[in-house]
Amino acid sequence: MGLQAGIVGLPNVGKSTLFNALTAAGAESANYPFCTIEPNVGVVPVPDPRLQRLLKMIASKQVIPASVEIVDIAGLVRGASQGEGLGNQFLGHIRNVDAVIQVVRCFDDPDVVHVDGTIDPKRDIETIQLELILADLQSAEKRADRYAKLAKAGDREALLNRDVSKKLVELLSAGKPARAGEWNEEEAAIVRQAQLITSRPLLYVCNVDEKTLATGTNAHVEAVRAIAKDEGAIVIVLCAKVEAELRELDPEDRDAFLQDLGVKEPGLNVLARATYDLLGLQMYFTAGPKEIRAWTIRRGAKAPEAAGVIHTDFERGFIRAECYAIEDLEACGSEGALRAAGKLRVEGKEYVVRDGDVMHFRFNV
């Protein structure tokens with residue numbers, strides 16, 4: 001299940017620094033606008049301590065975590081939807097993402113210029129959101145015109161697309177994102193097909209300085225949280241500069257550095273989990289001598305769908321799934337002992353997979 005998240009924000013808010021920390025890809029980062037011209041793309045592992053717990057119980061050649069693909073585009077500015085600042089060509093790069101991560105500058109530093117001269121998270125958020133809405137409005141208006149013509153023939157699908165497109169135009173014209181609309185299942189499918197940026201779930205990343213990191217808040221962060229509360233969005237707080245430094249350290253020094261900062265874990269771990277929560281996703285695991293691996297599925301997925309993430313043949317020829325919890329494996333000491341204790345569950349096609357299940361699939365095609 002390929003996942004992709006797009007990072008957006010004004011110039012000089014720390015987007016590329018965060019991207020570098022996420023991917024260790026070395027995207028260019030500098031103290032001037034439009035440092036990022038082409039979109040940078042990197043694959044980010046999703047940290048999960050349960051993988052190491054499994055490795056302690058089952059000897060395996062390798063451990064493969066789940067991953068998210070991150071797209072970092074150029075800093076947007078006011079007028080981007082009209083082509084300002086190398087503008088809307090970049091907006092196209094994030095139309096296909098599953099989620100949007102907006103990095104908001106929440107630190108004061110006179111040595112790092114702000115494109116608007118002052119630090120104001122509320123203004124910055126409104127600037128980015130307005131540009132995304134205006135870009136989507138252009139797309140929605142084109143769809144509305146196209147389906148208005150097609151609907152004249154009375155085709156039901158064209159009529160439905162016309163009506164949804166008109167509703168989108170009205171919503172976006174009122175300055176509201178597509179995700180704010182109330183859609184039934186059929187309408188929601190059409191909205192997804194429209195590939196509007198503002199239909200994607202949104203997560204705010206407050207980029208703070210080291211001093212703020214330990215407390216997790218300052219006046220700028222609280223301003224973002226107030227906006228997110230009204231929108232029902234998720235907020236996380238991290239320091240992109242610290243995250244970049246952490247990637248250069250070995251695990252022992254990393255832990256000591258975090259302790260000195262008064263932080264329990266890297267912000268990137270928090271970001272990865274928040275992205276999964278935002279998208280309504282969870283993981284299950286497979287474990288054996290060749291590899292221990294995390295697989296991504298949607299919450300509520302049944303066993304055959306989970307099997308299909310590995311290979312379509314697994315879903316097509318699904319017979320049953322053998323499942324157990326990591327806690328039961330640790331308590332019993334081995335898979336053999338777990339089976340003898342009756343802790344290995346045999347589940348059928350209607351089984352709804354639990355987050356953290358360890359699964360073996362039986363199939364026949």
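Residues numbered from 1 in each chain as written. Predicted model: local features only at pLDDT ≥ 70, side-chain atom pairs only at ≥ 80, totals over all residues. Heavy atoms only, no water.

At a minimum axis distance of 10 Å, the contact between helix 5 (residues 156–173) and helix 6 (residues 185–193) shows a crossing angle of 75°. By the criterion of interaxial angle, the relationship of helix 5 to helix 6 is roughly perpendicular. The segment helix 5 lies against helix 6, with Arg156, Leu160, Asn161, Val164, Lys167 and Leu168 engaging Glu186, Glu187, Ile190 and Val191. Of the residues contributing to the contact of helix 5 with helix 6, the split by class is five nonpolar, one polar and four charged. (Axes fitted to C-alpha atoms, helices over the stretch in contact; angles between N-to-C directions. Helix = DSSP H or I, 4+ residues; strand = E, 2+ residues; numbered from the N terminus. Parallel < 35°, antiparallel > 145°, perpendicular 65-115°, else oblique. Contact = heavy atoms within 4.5 Å. Nonpolar A, V, L, I, M, F, W, Y, C, P; charged D, E, K, R; others polar.)

Counting residues in hydrophobic clusters, the biggest one holds 69 residues, and the most contacted among them are Ile70, Tyr204 and Val205. If you tally residues by element for this core, the top one is helix 11 (residues 267–279), at six residues. Not counting the four nearest positions on each side in its chain, tyrosine 204 is found in contact with Gln102, Val104, Ile125, Gln129, Val224, Ile227, Ala228, Glu231, Ala233, Ile234, Val235 and Ile236. (Core = buried A, V, L, I, M, F, W, Y, C linked by side-chain atoms within 4.5 Å. Buried < 20%, exposed > 50% of the residue type's maximum accessible area, 1.4 Å probe, protein only.)

A few words on helix 10 (residues 251–261). Within the span of helix 10, buried status applies to Phe257, Leu258 and Leu261. Angularly, the buried residues of helix 10 cover 100° about the axis, an arc narrow enough to put them on a single face. Among the exposed residues of helix 10, those oriented more than 90 degrees off its buried face are Glu252, Gln259 and Asp260. As for helix 10, its buried residues are in contact with helix 7 (210–215) and helix 9 (240–246). (Arc of directions from axis to C-beta.)

Neighbouring strands of a sheet are bound in pairs by backbone hydrogen bonds; such pairs are parallel or else antiparallel. The strand order across the open sheet formed by six strands is 2-4-1-5-6-7, and the pairing between neighbours is mixed. Since the sheet does not close on itself, it has two edges, and those belong to strand 2 (40–45) and strand 7 (234–238), each with one partner. When the angles between neighbouring strand axes are averaged without regard to direction, this sheet yields 25°. As judged from the five bridges shared by strand 6 (residues 202–207) and strand 7, these two strands associate in the parallel manner. Considered in strand 7, the bridge of tyrosine 204 is made with valine 235. In this fold helix 4 (residues 121–150) packs onto strand 1 (4–8), strand 5 (99–105) and strand 6, with an angle of close to 145° to the strand it touches most, strand 5. (Pairing = 2+ DSSP bridges.)

The values are spatial; any link to function lies outside them.
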